[in-house]
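A closer look at the structure
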Amino acid sequence: LDPRLVSARASVISPQLSLLIIRDVTERERLDQMRTDFVANTSHELKTPVGAVSLLAEAIDSAADDPDQVRIFASRISAEASRLGQLTGRIMTLSRLQAAESLAEVGAVAIDEIVAASIEGHAVQADSAGVELTRGGDRGVWVRGDGQILIEAVGNLIANAIAYSPKGSRVGVGVKADGDVVEIAVTDQGIGISEADRERVFERFYRADEARSRRTGGTGLGLSIVKHATQRHGGEVRLWSRPGRGSTFTIRLPITAAPDADDAVSKKSK
Ligand code: ADP
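Residues numbered from 1 in each chain as written. Predicted model: local features only at pLDDT ≥ 70, side-chain atom pairs only at ≥ 80, totals over all residues. Heavy atoms only, no water.

The next subject is the layout of surface pockets. In this structure, the largest pocket spans a volume of roughly 820 Å³. What lines the largest pocket is a set of 40 residues, and nearest its centre among them are N160, A163, Y164, S213 and G218. Taken together, the elements giving at least two residues each to the lining of the largest pocket come down to α3 (67-98), α6 (147-163), α9 (222-232) and β7 (246-256). With 8 residues, the single largest contributor to the lining of the largest pocket is α6. Tallied by class, the residues present in the lining of the largest pocket amount to 15 nonpolar, 18 polar and 7 charged. (1 Å grid on protein atoms, 1.4 Å probe; cavity = no way out; pocket = protein on both sides within 12 Å on 5 of 7 lines; lining within 4 Å. Points joined across faces, edges and corners; volume = space filled by probe spheres on them. Helix = DSSP H or I, 4+ residues; strand = E, 2+ residues; numbered from the N terminus. Nonpolar A, V, L, I, M, F, W, Y, C, P; charged D, E, K, R; others polar.)

As structure tokens, this is what we get:
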């Protein structure tokens, strides 16, 4: 049954009811369009590394007599494969976050652990980029949620901060408890984001500088994951930036009470 037809009938009964139905149709059309765009963009993004792998495989075949060339092509295949792995992993995280299904493991999570794990996960990247990664602020703050997803979200902010910063600069991760909200801020002294791009960087596959993002291994999905992960935890993301000077991304989450000793014991005995 066409909802528009229902809406026409509903308008006879009540104009409010018909307005509601029309809203529902537009919302559904918007979601359908988003889904179609997502599939189209995803296929496009996957095509590039898949195409590269098959070209490189052909190149290996024709360079079989030259071990040096074979090694170079093989290492490029491996790089493309890891890019494909990262891309599919992020697509899966994003679709899980957008699905109605509940988060994997929800419980009290220490912000200290989230920050420590996400910094540790990017120590090598910071080192090879010549960027100093620092940590500061409040300790002993807890939130309720899925620790792995939150580590991934903070990790994405750190990865970007390093990727879009010059050698010798500093990336700071700071924690501030403010009433019943905790802020995790990732600040860099990098290239910054223009006002026009600030509106769009959280969109899936949006990149302010396509070429640079690809060079730095970007997928265009990192910030979209940050936004959805934060929203699923009842929080929000804020962005402050000045082009040429740097950016600060802040994840704000509702604070929860620290689990008491009994909880910790019952968790351990599980
Ligand atoms: P990507 O994987 O391309 O980095 P993201 O979704 O994580 O995708 O970010 C989207 C775009 O936002 C990036 O391509 C980049 O242009 C911009 N961006 C994100 N973080 C920063 C930052 N810390 N400094 C400057 N630009 C950034």
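For the rest of this paragraph, the subject is the environment of G220. You can see G220 is positioned in the loop between α8 (210-215) and α9. The exposure class assigned to G220 is buried, which follows from its relative accessible area of 13%. In this structure the C-alpha to C-alpha distance between G220 and E210, which are 10 residues apart in sequence, comes to 8.8 Å. Excluding its chain neighbours within four sequence positions, the residues that come into contact with G220 are E203, R204, F205, Y206 and R207. (Buried < 20%, exposed > 50% of the residue type's maximum accessible area, 1.4 Å probe, protein only. Contact = heavy atoms within 4.5 Å.)

A separate point is the site of the ligand. Taken together, 22 residues are adjacent to the ligand, and N160, D188, S213, T219 and L223 come closest. Here an oxygen atom of the ligand sits 2.9 Å away from a polar atom, N or O, in the main chain of L223. Its atoms largely coinciding with the cavity grid, the ligand occupies the largest pocket. Within the residue set of the shell around the ligand, elements represented by two or more residues are α6, α9 and β7. (Near = heavy atom within 4 Å. Polar contact = N/O pair within 3.5 Å; in protein donor to acceptor, adjacent residues only side chain to side chain. Sits in = over half its atoms within 2 Å of the grid points.)

What follows concerns the pattern of salt bridges. Within the structure shown, the criterion is met by 9 salt bridges. The salt bridge partner of R200 is E203, with a shortest N-O separation of 2.9 Å. Measuring nitrogen to oxygen at the nearest pair gives 2.8 Å for the salt bridge that ties R238 to E236. For E236, a relative accessible area of 35% translates into the label partly exposed. Overlapping salt bridges bring together E183, E236, R238 and R252 as one network. (Salt bridge = Lys/Arg side-chain N within 4 Å of Asp/Glu carboxyl O.)

What follows deals with helix α4 (residues 111-120). For α4, the complete set of buried residues consists of I111, I114, V115, S118 and I119. Down the axis of α4, the buried side of the element spans an arc of 120°, and every buried residue falls inside it. Looking at α4, the residues exposed on the side facing more than 90 degrees away from the buried face are E113 and E120. (Arc of directions from axis to C-beta.)

With that settled, consider the confidence of the model for the protein chain. Confidence along the protein chain averages 89 in pLDDT terms, with 94% of residues attaining 70 or more. Low pLDDT (under 50) marks residues 265-270, which in the prediction has 1 contact with non-local residues, meaning those over four places away or in another chain. Both scores are available for the predicted complex, with the pTM at 0.82 and the ipTM at 0.98. (pLDDT = per-residue confidence, 0-100.)

Let's shift gears to the packing of α3 against α9. Running from amino to carboxyl end, α3 crosses α9 at an angle of 30°, the nearest separation of the two axes being 10 Å. The orientation of α3 with respect to α9, classified from their angle, is roughly parallel. Considering only the axes of α3 and α9, their crossing is left-handed. Contact residues: α3 offers R90, T93, L94, R96, L97 and Q98, while α9 offers G222, S224, I225, H228, A229 and R232. Taken together, the residues of the contact of α3 with α9 sort by class into 4 nonpolar, 5 polar and 3 charged. (Axes fitted to C-alpha atoms, helices over the stretch in contact; angles between N-to-C directions. Parallel < 35°, antiparallel > 145°, perpendicular 65-115°, else oblique. Left-handed = near helix turned anticlockwise from the far one by under 90°.)

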